[in-house]
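Residue-level structural notes
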Amino acid sequence: MRLILFILVATIYYASAAGINGSNDGSHYALLRAMVDEGRFRITTYQDYTQYNDYSLYNGIAYSDRPPGTALLTLPAAVAAKILPDAHRMPSRHDAENPKLAYVLLVPALAGAALVVALHYTLLAHGLSRFSALTTVLAFAFGTTAWRYGSMLFSHVFAGLLVLAAVALTLHITRRGQVKPTEGAILGFIAGLSVVVEYSNALFFIALCVYITMTLQRRLIGRGMLAFIAGVALPVGFLMVYNTVNFGGPFTTSYRHVVSFEWARHFSTTFNFPLMDGLPGILWYGADDPAVFGIPNQGIFLLMPVAFIGWIGLWPYVRQRGRETVLVLGVLVMYVLLFATHRTFSAGTSDTRYLMPFLALWFIPVAYGIQAIERITADNLKALLLFGVYGLIFLSVHNIMTQIVFFYNYGFNIWVLQIPFEDNGRLPFIAPRNWAYILDTLFPNQANLPLLWIVLAVGLAAGYGLKRWRT
């Protein structure tokens, strides 16, 4: 089932990719191109991909202002692309003539699919029913911003995968009450890498360490702890070297030298928006700092109304899992409060994307809510509530599809849906031609799907061969 789920989600996400279209993904891509083509971190040659907005300047040299983790994770695909056949060109705003660009966009699609499968595994590990787990992950895959950022070179889906993987492994370890060396090394590496992908995940890393320490206490001491430290050292060590080489110190990040928004150089001038104004904006609807963007933001429960089901499952989740909810819900609440004070919590995209790395955590109580409805014995009430569940899911999917087709470079034109035809009438909205237009706009990368399927086939064959070799 998970294999089918992975292939389905990766296919939808990859078909939705439209290239590199903004300054944020352009900054990640500029760093990637600099590493692959020039073997260095400075992005002077590729600065136009940042639209001269998302970049940092240190000693007169231009660098990406994004954390380096996203470019690092896509590096293998970009290197391999140099020796692989050309793919179909993508309708990209940046580097559209590059036939290798399609290989780069494979990576967020695969990471997004892995995030969905990881959530499915996590829900089943909680003892939830297969019905509630599968319903929840499908709602998460196509009714949240996971779809949008699984088709773009932003950091959020990578950070989301690493956060959920770290949480799932931590819960597995603490349930057993012992850190095995291999698990400790993997957990340390994942948690450390999450910070390399997204600087703000440093708070998550601290929360994770505190939870493990408080839960295991003396049982933490041993080879497992040493393995955890060793696992952390590799990604965090790389980040410290990266910061030192490019920005003059191990703890000096790219944000300290960002050009476009000087206030973003310091924590105190970035997270200073009034909390009571930011909370409604990040959870429902509201504008961020008018001195910067002043853009109305679609909060979690407005853009993704399926998230409302989490309130139904919150108490069953807390009652059954007790201490574990301190980590899961504590991390989520911490970041809701933090980003509600961010001066640009709309992030210029009006979709609360800063919370995307932690969104899967809320879908654990969503799954508990769906299971609670599933277990209702009164058929009429159960049917009514399930109708409401599916209504919220379909509304969320509609909202995300709308967000995608109206985003940069998708070129959706609503007036095309009612172009006059032969008898000078108007096309009804539900017309085959209109659906074809909508789907072609939503899936601009259909021509490159065989590339994805070949990669998946090779990966499956390699996995099967490795399994046979071990046995």
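Look a little higher up for the structure.
Throughout what follows, the structure given in this document is the object of discussion. (Residues numbered from 1 in each chain as written. Predicted model: local features only at pLDDT ≥ 70, side-chain atom pairs only at ≥ 80, totals over all residues. Heavy atoms only, no water.)

1. Thoughts on the pairing of strand β2 (residues 61-64)
Summarising the sheet, strand β1 (residues 55-58) and β2 pair through four bridges and their orientation is antiparallel. By the bridge assignment for β2, Y55 is matched with S64. Two successive antiparallel strands, β1 and β2, enclose a turn made up of two residues, where N59 displays a positive phi of approximately 55°. (Pairing = 2+ DSSP bridges. Helix = DSSP H or I, 4+ residues; strand = E, 2+ residues; numbered from the N terminus.)

2. Here's the deal with the packing of aromatic side chains
All told, the structure shown has 29 aromatic pairs when counted by the stated rule. Geometrically, the ring pair formed by F205 and F228 is stacked, given 6.4 Å between the ring centres and 10° between the ring planes. A residue pair is termed long-range when its members are at least 10 positions apart, and F205 in helix α9 (residues 201-216) and F228 in helix α10 (residues 223-247) qualify at 23 residues. For F228, a relative accessible area of 14% puts it in the buried group. Geometrically, the ring pair formed by W311 and W362 is edge-to-face, given 5.1 Å between the ring centres and 65° between the ring planes. With W311 in helix α14 (residues 309-321) and W362 in helix α16 (residues 359-374), this pair connects stretches of sequence that are 51 residues apart. One aromatic cluster is present, formed by F41, Y58, Y63, F238, Y242 and F247 through successive ring pairs. Positioned over the ring face of F407 is R148, at 4.1 Å from the centre of the ring. Stacked on the ring of W263, the Lys or Arg R343 has its end atom at 5.0 Å from the ring centre. (Phe/Tyr/Trp six-rings, centres within 6.5 Å; stacked < 30°, edge-to-face > 60°. Buried < 20%, exposed > 50% of the residue type's maximum accessible area, 1.4 Å probe, protein only. Lys NZ or Arg CZ within 6 Å of the ring centre and 35° of its normal.)

3. Details of helix α8 (residues 181-197)
With 17 residues, α8 ought to run about 24 Å at 1.5 Å a step, and its terminal C-alpha atoms sit 24 Å apart, in line with that. Taken across its 17 residues, α8 has 12 buried, putting it largely inside the fold. Within the span of α8, buried status applies to E183, G184, L187, G188, I190, A191, G192, L193, S194, V195, V196 and V197. Contacts from the buried residues of α8 go to α3 (69-81), α7 (156-176), α9 and α10. (Expected span 1.5 Å × (residues − 1). Contact = heavy atoms within 4.5 Å.)

4. A look at a nonpolar patch on the surface
Together, L203, I206, V210 and M214 make up an exposed nonpolar region whose accessible area comes to about 370 Å². Along the chain, the position of M214 falls in helix α9. Judged by its relative accessible area of 58%, M214 is exposed. (Patch = residues over 30% accessible without salt bridge, like charges linked within 9 Å, V, L, I, M, F, W, Y side chains within 5 Å. Areas by Shrake-Rupley, 256 points an atom, 1.4 Å probe, with all protein chains shown as cover. Salt bridge = Lys/Arg side-chain N within 4 Å of Asp/Glu carboxyl O.)

5. Details of the environment of W311
Once the C-alpha coordinates of W311 and L138 are considered, the two residues, 173 residues apart in sequence, prove to be 19 Å apart. Each residue touching W311, except ones within four places of it in the same chain, is listed here: F301 and W362.

6. Topic: the nonpolar core
Residues Y13, Y14, F140, W147, F204, F339 and F358 are the most contacted members of the largest nonpolar core, which totals 141 residues. If one sorts the elements of this core by residue count, helix α4 (residues 101-125) sits on top with 16 residues. (Core = buried A, V, L, I, M, F, W, Y, C linked by side-chain atoms within 4.5 Å.)

7. Here we look at the side chain of T136
Topologically, T136 is positioned in helix α5 (residues 130-143). If we ignore the near neighbours within four places in the chain, the residues touching T136 are L123, F363, V366, A367 and I370.

8. A few points about the pattern of salt bridges
By the definition in use, this model includes 12 salt bridges. R148 serves as the salt-bridge partner of D351, at 2.8 Å between the closest nitrogen and oxygen. With a gap of 203 residues between them, D351 in the loop between α15 (323-340) and α16 and R148 in helix α6 (residues 145-149) connect regions that are remote in the sequence. Residues D351 and R148 agree in their burial class; the two are buried. Among the salt bridges present, the one from E324 reaches R175, with a minimum N-O distance of 2.6 Å. With a gap of 149 residues between them, E324 in helix α15 and R175 in helix α7 connect regions that are remote in the sequence. What you see here is one network of salt bridges that share partners, running through R33, D37, K82 and D95.

9. Re helix α19 (residues 449-470)
Residue pairs three or four apart in sequence face the same way in an α-helix, which turns once every 3.6 residues. The end-to-end C-alpha distance of α19, which contains 22 residues, comes to 32 Å, matching closely the 32 Å that a straight helix rising 1.5 Å per residue would cover. Those residues of α19 that fall on the buried side of the exposure criterion are L449, L451, L452 and L456. Buried residues along α19 cover an arc of 160° about the axis, so they all sit on one side. Across α19 from its buried face, at more than 90 degrees, point the exposed residues I454, V458, A461, R468 and W469. The elements touched by buried residues of α19 are α1 (2-15) and α4. (Arc of directions from axis to C-beta.)

Note that all results are geometric; they support no functional claim without further evidence.
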